[in-house]
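# Summary of structural features
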Amino acid sequence: VQLQASGGGLVQAGGSLRLSCAASGRTSSTYTMGWFRQAPGKEREFVAAITWSGGSTFYADSVKGRFTISRDNTKNTVYLQMNSLKPEDTAVYYCAAARGWATLDRGYDFWGQGTQVTVSS
């Protein structure tokens, strides 16, 4: 499975961005899809995950109420809508796919290349 993340950019605090992650190769709509991020000098952290059906989602406390994860299995694409962005959201954002349910990065089997999100104050 290959994952291609896109949609990052520079935005002012309070603004919005939508990230996309397109899957190709031996894709499966049964994968759990997740978003992680890594800020400079910090460890990679979990942001959000969604089950294969889209029926269940889970968010890190730091983004709850501001970010929304969704997926379109007909397009093999997962999205991360980010609203009310803060400077502390600045990071490289990665999408990942897991064969089972996971919120820890070690539970994910496939990773995209990352897309930079920069939020200016």
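In what follows, the accompanying structure is described. (Residues numbered from 1 in each chain as written. Predicted model: local features only at pLDDT ≥ 70, side-chain atom pairs only at ≥ 80, totals over all residues. Heavy atoms only, no water.)

### Structural notes on the nonpolar core
- Of all hydrophobic cores here, the largest spans 38 residues; its most connected members are Leu 3, Trp 35, Leu 80, Met 82 and Tyr 93.
- Looking at this core, the elements that each hand over two or more residues are strand 1 (2–6), strand 3 (17–24), strand 4 (32–38), strand 5 (45–50), strand 7 (67–72), strand 8 (77–82), strand 9 (91–98) and strand 11 (115–120).
- Leave out the neighbours within four places in its chain, and Tyr 93 touches Leu 19, Trp 35, Phe 36, Arg 37, Val 47, Phe 67, Leu 80, Met 82, Gly 114, Thr 115 and Val 117. (Core = buried A, V, L, I, M, F, W, Y, C linked by side-chain atoms within 4.5 Å. Buried < 20%, exposed > 50% of the residue type's maximum accessible area, 1.4 Å probe, protein only. Helix = DSSP H or I, 4+ residues; strand = E, 2+ residues; numbered from the N terminus. Contact = heavy atoms within 4.5 Å.)

### Concerning the pairing of strand 4
- Where burial is concerned, most of strand 4 is hidden: six out of the seven residues are buried.
- Sheet topology places strand 4 next to strand 9; seven bridges connect them, and they run antiparallel. By the bridge assignment, Gly 34 is partnered in strand 9 with Ala 96.
- Here strand 4 pairs with strand 5 via five bridges, running antiparallel. From the neighbouring strand, Trp 35 faces strand 5, where its bridge partner is Ala 48.
- Linking strand 4 back to strand 5 in an antiparallel pair, the connection comprises six residues, with Gly 41 at a positive phi of about 75°. (Pairing = 2+ DSSP bridges.)

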